[in-house]
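# What the coordinates show
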Amino acid sequence: MARMTMIEAIRSAMDVSMARDDTVVVFGEDVGYFGGVFRCTQGLQQKYGKTRCFDAPISESGIVGAAIGMAAYGLRPCVEVQFADYVYPAYDQIVSEAARLRYRSNGEFTCPIVVRMPTGGGIFGGQTHSQSPEALFTHVSGLKVVVPSNPYDAKGLLIASIEDPDPVIFLEPKRLYNGPFDGHHERPVTPWSKHPLGEVPDGHFVVPLGKASVRREGSDLTILAYGTMVYVAEAAAEETGIDAEIIDLRTLLPLDLDTIVASVKKTGRCVIVHEATLTSGFGAELAALVQQYCFYNLEGPIARVTGWDTPYPHAQEWEYFPGPARLGQAMRETMEA
Amino acid sequence: MANKVSLANRNREEIGRMTEHGPLSLHVPEPEVRPGGTPDFSNVPIPKAGSVPRPEVDVDPKEIRDLAYSIIRVLNREGEAVGPWAGTLTDEELLQGLRDMMTLRTFDARMLMAQRQGKTSFYMQHMGEEAVSCAFRKALAPGDMNFPTYRQAGLLIAGGYPMVDMMNQIFSNERDPLKGRQLPVMYSSKEHGFFSISGNLTTQYIQAVGWAMASAIRNDTRIAAGWVGDGATAESDFHAALVFASTYTAPVVLNIVNNQWAISTFQGIARGGSGTFAARGLGFGIPALRVDGNDYLAVHAVAKWAVERARRNLGPTLIEYVTYRVGAHSTSDDPSAYRPKEESSAWPLGDPVLRLKNHLIKRGAWSEERHKQAEAEILDAVIAAQKEAESHGTLHAGGKPSVRDMFEGVYAEMPPHLRRQRQEAGV
Ligand SMILES: Cc1ncc(C[n+]2csc(CCOP(=O)(O)OP(=O)(O)O)c2C)c(N)n1
Ligand SMILES: [Mg+2]
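A brief report on the enclosed structure follows. (Residues numbered from 1 in each chain as written. Chains lettered and ligands numbered in written order. Predicted model: local features only at pLDDT ≥ 70, side-chain atom pairs only at ≥ 80, totals over all residues. Heavy atoms only, no water.)

It is worth spelling out the interface of chain A and chain B at this point. Counting residues at the interface gives 48 residues for chain A, matched by 51 residues for chain B. Interface area lost by chain A to chain B is led by Tyr33, Ile58 and Trp308 of chain A, which between them contribute 17%. The interface formed by chain A and chain B holds 0 salt bridges in total. Where the side of chain A that touches chain B is concerned, the elements lending two or more residues are strand 3 (53–55), helix 3 (60–73) and helix 11 (317–320) of chain A. Considering each element in turn, the side of chain A that touches chain B owes the most residues, 3 residues, to helix 3 of chain A. Across the side of chain A that touches chain B, the residue classes tally to 20 nonpolar, 17 polar and 11 charged. (Contact = heavy atoms within 4.5 Å. Buried area = accessible area lost by both parts, 1.4 Å probe. Salt bridge = Lys/Arg side-chain N within 4 Å of Asp/Glu carboxyl O. Helix = DSSP H or I, 4+ residues; strand = E, 2+ residues; numbered from the N terminus. Nonpolar A, V, L, I, M, F, W, Y, C, P; charged D, E, K, R; others polar.)

Printed below as a string of structure tokens:
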């Protein structure tokens with residue numbers, strides 16, 4: 001066991017995977033010598049050489065397209081897109097190519113790639129360093145979508161993603177890289193070194209894709225969250241005194257419906273929270289599933305707390321961000337309904 | 001691992017038996033020097049100032065292919081303007097150019113400091129590249145449109161855009177023309193021919209071509225200029241821009257600012273085997289010129305040549321400005337992790353401000369004393385603008401854009417769902 005930040009855990013996942021399997025290659029903008037703008041690949045080039053970890057030209061479509069070609073050959077590329085906000089040039093490669101390769105070739109060609117990218121806001125990054133585009137990927141058949149919320153999960157999920165036979169979109173909440181963030185931006189963040197989930201095994205382990213984790217047991221209502229919002233939910237539960245059951249989805253696709261349904265059947269109430277915009281967000285899918293499978297157990301309407309339906313603003317970041325106050329308000333309303 | 005494909009696991013012996021050439025290997029380019037090494041640019045060929053010919057603007061692009069591999073330079077080591085590209089600017093204009101570059105440099109220094117003091121979240125400076133945007137701006141006419149990146153604020157400074165408005169944007173304060181919505185330095189000013197900066201690389205290169213095509217469709221006289229960095233030329237949109245510009249002979253100047261670095265990535269990663277970035281234009285039949293980007297006179301002369309071509313409906317020109325990013329990529333970057341600290345002083349094309357200053361002294365139009373005085377005046381002007389901007393707030397203190405502004409401007413007319421959300425937000 002070691003103490004790791006989320007950055008170190010992600011790096012360790014790639015390190016372990018590269019050591020075990022020489023078909024694993026890592027590349028992306030600034031990931032080679034420098035080790036990535038968030039330093040997630042630091043040291044990998046020195047350790048595994050320039051042909052296993054290298055800088056890519058600034059071409060996201062090129063990075064993903066090349067990864068698909070390498071995967072078709074038999075490698076396992078784990079590539080980095082510098083920010084999720086820059087993935088759109090690669091969207092065609094991901095949606096039309098990576099996601100469909102297995103299906104359209106009847107399994108003759110497959111695409112075991114991982115596309116890693118920092119996601120979410122809270123760093124005053126404006127509209128080009130803050131977006132949460134997960135729903136653009138969960139909407140596409142053939143992709144898996146993972147959003148870890150802590151170093152332990154990040155490492156185990158990333159190893160599982162690299163070993164997965166299908167393309168995985170791996171979204172790393174950048175506001176969590178150095179410590180759990182509960183939305184109280186005016187308070188200092190506790191570093192991962194002081195958090196139990198900053199304790200991570202050095203070697204190989206996996207957190208299986210498609211399994212949620214119950215982060216807090218409770219009986220009043222269920223909060224469905226992932227990434228940064230897990231900590232916002234914890235803060236809101238504490239501040240409202242509402243005995244919330246908090247589910248960290250960890251993998252959005254495939255989704256752990258059993259854990260969700262069991263919880264909502266128990267509590268009878270459900271609040272969904274994500275940082276991405278509301279309309280057609282992943283919360284809409286969750287709400288539809290919860291009402292389908294838990295309709296007769298629900299004691300009130302399902303609530304969604306999300307980023308507003310505007311581009312991510314710079315100055316108004318904390319008015320945009322769905323923090324503990326907004327979530328707490330929705331929880332109280334749900335309890336009263 | 002279960003899914004390993006046998007092809008990936010062929011061993012070298014097996015491969016050796018299959019071909020007389022031995023196994024393949026992957027080439028990954030590396031810069032000559034990394035931290036700890038001694039910078040050495042002796043392999044960068046720098047032609048003598050004045051040595052590159054100046055063709056007529058209606059030249060057949062096929063005849064000037066070598067200009068994509070040379071460097072057009074006007075100022076020589078002695079500070080004299082020499083050769084066929086010299087003589088496009090008067091003393092007055094050159095003095096203004098010097099003032100613009102000095103202003104940009106001072107502006108950068110103050111804003112970097114303001115960022116460190118927590119008055120804004122982020123800043124990007126131009127150190128070493130001031131001549132490119134400042135001189136280019138002077139080759140344009142009113143009504144022309146730039147599609148800039150984040151490192152062309154000289155277009156605004158040299159175009160007379162008020163510094164205080166730039167600072168208001170940087171501070172995201174109550175006077176921010178963009179209402180706090182955009183990251184600092186992502187300015188927008190239609191009036192000053194400065195298209196809204198997106199922050200997503202290269203998306204706007206092809207938009208510049210589209211704007212220029214529109215001007216041609218409407219039989220207008222205005223032209224457009226696209227801007228991209230060395231690194232960002234790798235994006236597909238760069239190639240889309242070149243093919244559209246080539247096919248429709250669009251009245252556009254396509255600028256590549258090769259400052260040697262794209263964050264930590266040296267220019268060889270984006271350039272590959274083509275020799276130069278300018279050479280990218282040749283396959284599209286677009287005249288392509290390389291110019292000393294630290295030479296105000298050369299930049300202006302080449303820009304003027306390209307602007308005239310566009311204006312005369314002769315089509316696009318690709319220009320590569322050879323320069324060097326002296327500072328960090330942004331306030332989030334520390335270049336000492338990936339390049340030697342001394343690299344910028346070893347850069348063979350010198351400092352654009354110093355070079356123009358020395359030239360003006362040589363011409364008898366300037367002096368050390370006047371330069372000192374100008375430095376002080378400029379600093380005063382920048383500080384005065386900053387005081388005024390700060391009186392309207394900084395990112396975390398004082399006047400702010402309203403939270404209502406966050407909901408405005410997503411659409412021409414606010415749809416009901418946003419209206420509901422705004423109410424829910426209580427604003
Ligand atoms: C589509 C996209 N991908 C990645 C980035 C992140 N990014 C911002 S600037 C930059 C480097 C650009 O280098 P270059 O084009 O040489 O311009 P310079 O910064 O040197 O002026 C990168 C990778 C981005 N802004 N947009
Ligand atoms: Mg560059």
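What follows is about the nonpolar core. In this structure, Trp85, Phe107, Phe136, Tyr187, Tyr296 and Tyr321 of chain B are the most contacted members of the largest nonpolar core, which totals 79 residues. Counting residues per element, this core draws most heavily on helix 9 (residues 296–311) of chain B, which supplies 11 residues. By size, the runner-up hydrophobic cluster in this structure holds 66 residues, among which are Leu176, Tyr177, Leu221 and Tyr312 of chain A. (Core = buried A, V, L, I, M, F, W, Y, C linked by side-chain atoms within 4.5 Å. Buried < 20%, exposed > 50% of the residue type's maximum accessible area, 1.4 Å probe, protein only.)

Let's shift gears to the coordination of the magnesium ion (ligand 2). Residues and elements named next belong to chain B. Asp230 (OD), Asp230 (OD), Asn259 (OD1) and Trp261 (O) make up the full set of protein donors to the magnesium ion (ligand 2), lying at 2.1 to 2.8 Å. Mapping the donors of the magnesium ion (ligand 2) onto the primary sequence yields the spacing D-x28-N-x1-W. Within this pair, whereas Asp230 is found in the loop between strand 2 (224–229) and helix 7 (236–247), its partner Asn259 is found in the loop between strand 3 (252–258) and strand 4 (261–262), the two being separated by 29 residues in sequence. Relative accessible area serves as the criterion here: at 1%, Asp230 is assigned to the buried category. Using a relative accessible area of 6% as the deciding quantity, one classes Asn259 as buried. (Donors = N, O, S within 2.8 Å, 3.2 Å for Na, K, Ca; no water.)

Side chains of Val243, Phe244 and Tyr248 of chain B sit close together on the surface and give an oily, nonpolar patch of about 280 Å² of accessible area. Positionally, Val243 of chain B belongs in helix 7. (Patch = residues over 30% accessible without salt bridge, like charges linked within 9 Å, V, L, I, M, F, W, Y side chains within 5 Å. Areas by Shrake-Rupley, 256 points an atom, 1.4 Å probe, with all protein chains shown as cover.)

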